[in-house]
Amino acid sequence: MKQLQKANIDEFKVHFRGSVLLPGDAGYNEVRQIWNAMIDRRPGLIARCTSPEDVVQAVRFARKHNLLVSIRGGGHNIAGNAVCDDCLMIDLSLMKGVKVDPKARRATVEPGCTLADFDMATQVHGLATPLGINSTTGVAGLTLGGGFGWLSRKYGMTVDNLLSAEVVTADGSQVRTSATENDDLFWGLRGGGGNFGIVTSFEFKLHPVGPNVLSGLIVFPLDQTKSVLTQFARFTKTMPDELNVWAILRKAPPLPFLPANVHGKEVVVLALLYAGDPAEGEKLIKPLRGFGTAHGEYIGVQPYTAWQKAFDPLLTPGARNYWKSHNLSQLSEGAIDTIIECAGTLPSPQCEIFIGTMGGQTARVSAEAMAYSSRDANYALNFHGRWESANDDERCIAWARNFFAKSRPFASSGAYINFLTQDETDRVAFAYGATYSRLVELKKKYDPTNFFRMNQNIKPT
Ligand SMILES: Cc1cc2nc3c(=O)[nH]c(=O)nc-3n(C[C@H](O)[C@H](O)[C@H](O)COP(=O)(O)OP(=O)(O)OC[C@H]3O[C@@H](n4cnc5c(N)ncnc54)[C@H](O)[C@@H]3O)c2cc1C
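What counts and how
All residue numbers here refer to positions counted from 1 along the written sequence of the relevant chain. Thresholds applied to this predicted model are a pLDDT of at least 70 for local features of residues and 80 or more for the giving and counting of side-chain atom pairs; totals over whole chains, interfaces and linings are not thresholded and use all residues. Side-chain measures here rest on the full set of heavy atoms in the structure, leaving out hydrogens and waters. Only a single heavy atom is needed: when it lies within 4 Å of a molecule or strand, its residue is near that molecule or strand. Per-residue and other accessible areas were derived by the Shrake-Rupley procedure at a 1.4 Å probe size, with only the shown protein chains allowed to occlude residues. Helix and strand assignments follow DSSP, with helices taken as H or I runs no shorter than four residues and strands as E runs no shorter than two, numbered in order from the N terminus. Charged residues are taken to be Asp, Glu, Lys and Arg, nonpolar residues to be Ala, Val, Leu, Ile, Met, Phe, Trp, Tyr, Cys and Pro, and polar residues to be all remaining types, Gly included. The rule for pairing is simple: two strands pair if DSSP sees at least two bridges between them. Lines fitted to the C-alpha atoms define the axes, with helices restricted to the stretch that makes contact. Angles between their N-to-C directions range from 0 to 180 degrees. Here, two residues are considered to be in contact whenever any of their heavy atoms come within 4.5 Å of each other.

**Some details on the site of the ligand**
Turning to step 1, where the next piece is worked out: Neighbouring residues of the ligand: 34 residues in total, closest Gly73, Gly75, Asn77, Phe148 and Tyr416.
Turning to step 2, where the next piece is worked out: Here the ligand loses 97% of its free accessible area of 950 Å² to cover by the protein chains.
Turning to step 3, where the next piece is worked out: For the shell around the ligand, the elements supplying multiple residues, two or more each, are strand E3 (69-72), helix H5 (139-145) and strand E10 (198-205).
Turning to step 4, where the next piece is worked out: The element contributing the most residues to the shell around the ligand is H5, with four residues.
Turning to step 5, where the next piece is worked out: Tallied by class, residues from the shell around the ligand come to 17 nonpolar, 16 polar and one charged.

**Side note on the sheet that holds strand E6 (residues 106-109)**
Turning to step 1, where the next piece is worked out: Spatial strand order, E5-E6-E10-E8-E9: five strands in an open sheet with antiparallel pairing. Taken across any chain shown, the strands that pair with only one partner, and hence form the sheet edges, are strand E5 (98-101) and strand E9 (174-178). Going from strand to strand, the sheet's axes swing by 15 degrees on average, the running direction of each strand aside.
Turning to step 2, where the next piece is worked out: Note: strand E8 (residues 162-168) against E10, six bridges, orientation antiparallel. Note that in E10 the partner of leucine 162 across the bridge is phenylalanine 204.
Turning to step 3, where the next piece is worked out: Contacts from helix H4 (residues 115-123) reach E5, E6 and E10 within the one sheet, and its direction differs from that of E5 by about 30 degrees.

**Considering the sheet that holds strand E4 (residues 88-91)**
By way of backbone hydrogen bonds, the strands of a sheet pair with one another, either parallel or antiparallel.
Turning to step 1, where the next piece is worked out: What the four strands build is an open sheet, ordered E1-E2-E4-E3; its pairing is mixed. On the outer flanks of this sheet lie strand E1 (19-21) and E3, each paired with one strand and no other. Pairs of neighbouring strands in the sheet enclose a mean axial angle of 20 degrees, with direction left out of account.
Turning to step 2, where the next piece is worked out: With three bridges joining them, E1 and strand E2 (residues 45-48) adopt antiparallel strand pairing. Looking across to E2, one finds that leucine 21 is bridged to isoleucine 46.
Turning to step 3, where the next piece is worked out: Packing of helix H3 (residues 52-64) onto the sheet brings it into contact with E2, E3 and E4, and relative to E4 it is tilted by some 170 degrees.

In structure tokens, the structure reads:
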């Protein structure tokens, strides 16, 4: 950015309706901060877009002055690619419109929306689409990487529900993509991350959900993990698509339904949602209670929007985070034993092991149907290193890396690009697997100079 003159920036402002922030400006520090406090970068310029036309202007300005760009949606990505040093940060977080057409069961969503923004608008009509499990996550980054959550077994990955998108490409043109318009780009957007352009609008298919759903938690002591996870592995293989159950191992937060002497102790938690008639769900979840002798449970019929926020207090922005993740097609005995060892050595009260369950509808799409290809991933096994002080960086990062390495023999192919950290650029080709070579061809066509490279980068060569 050093080469930019004040005159250049003034000229940019003339054609840009949003606001422009420079280091030292009020708000600059707030906007450059993202969810993961490990990332502390200082863009030379922040363009806070308010419309697709602003995005076009920002792209053209960056091209003219040969600037590196980063794109910020919800700012949640663990790798921190939303922000870069000395670059132009294209901030979309002010573009928060959601339009719902309840009759057609469709929603058009701007790229600054969080999951909470989306759910709030669609749930007014008792509708939803599969998104993630932490409501402050951005819809844009989540969707572009694939996207999965409580509803995915019934309704597929988030990308399986994407109907069209408006994109600003690397040459600054505005393009509409769908199954019938620029379909190659549409194929690449559905999993290809931010590699092919800046999405200014997403159109999603919606489904009837709730507005109240059976959901909640059952908490078991850590010493019952073998029994709980062995039965969890069997149960999740055959459960109906409407039901989703995830497992989390961590130190127990001070949840009011747990006895005080359990707070801070290692536990294994089953978290569940039933996307159907709650009475039917009650019958189906009964066996889960028999997986062990629970410390306590909190299960009930509650608003879907409330359940979508249930994990927010544990996943607030501002902590230091380092994650590692494997795809698993099955949860084998070896994997369970490694998970038990890992949970016995949690290096901070906030570190956790997450087993996110997919399968169902996510597995019924061909691996080549779109850029996201991990259709055999029935689970995502995540080691979430999370802590407060930089003094603990080494210890907590080592814990995540160690158990990532130990559990590698039990992993299946591919990886979820939305869970890759900044030091995993060498896993991008592996993450995509079967679709990677086609993605490289697409990158050559739509972004031959690798203008969009602050991402899990698909290089055009
Ligand atoms: C606490 C937590 C919980 C999570 N839970 C889930 C989950 O349940 N399910 C799941 O699938 N994922 C989950 N994720 C991963 C999440 O999907 C990614 O972090 C995702 O990248 C977040 O999107 P964002 O818009 O907030 O990110 P940002 O950091 O703003 O963006 C990430 C990257 O996406 C690209 N990008 C963003 N917006 C655009 C755009 N409009 N056009 C083009 N490129 C763009 C850019 O390359 C950018 O660097 C979780 C992450 C966290 C930290």
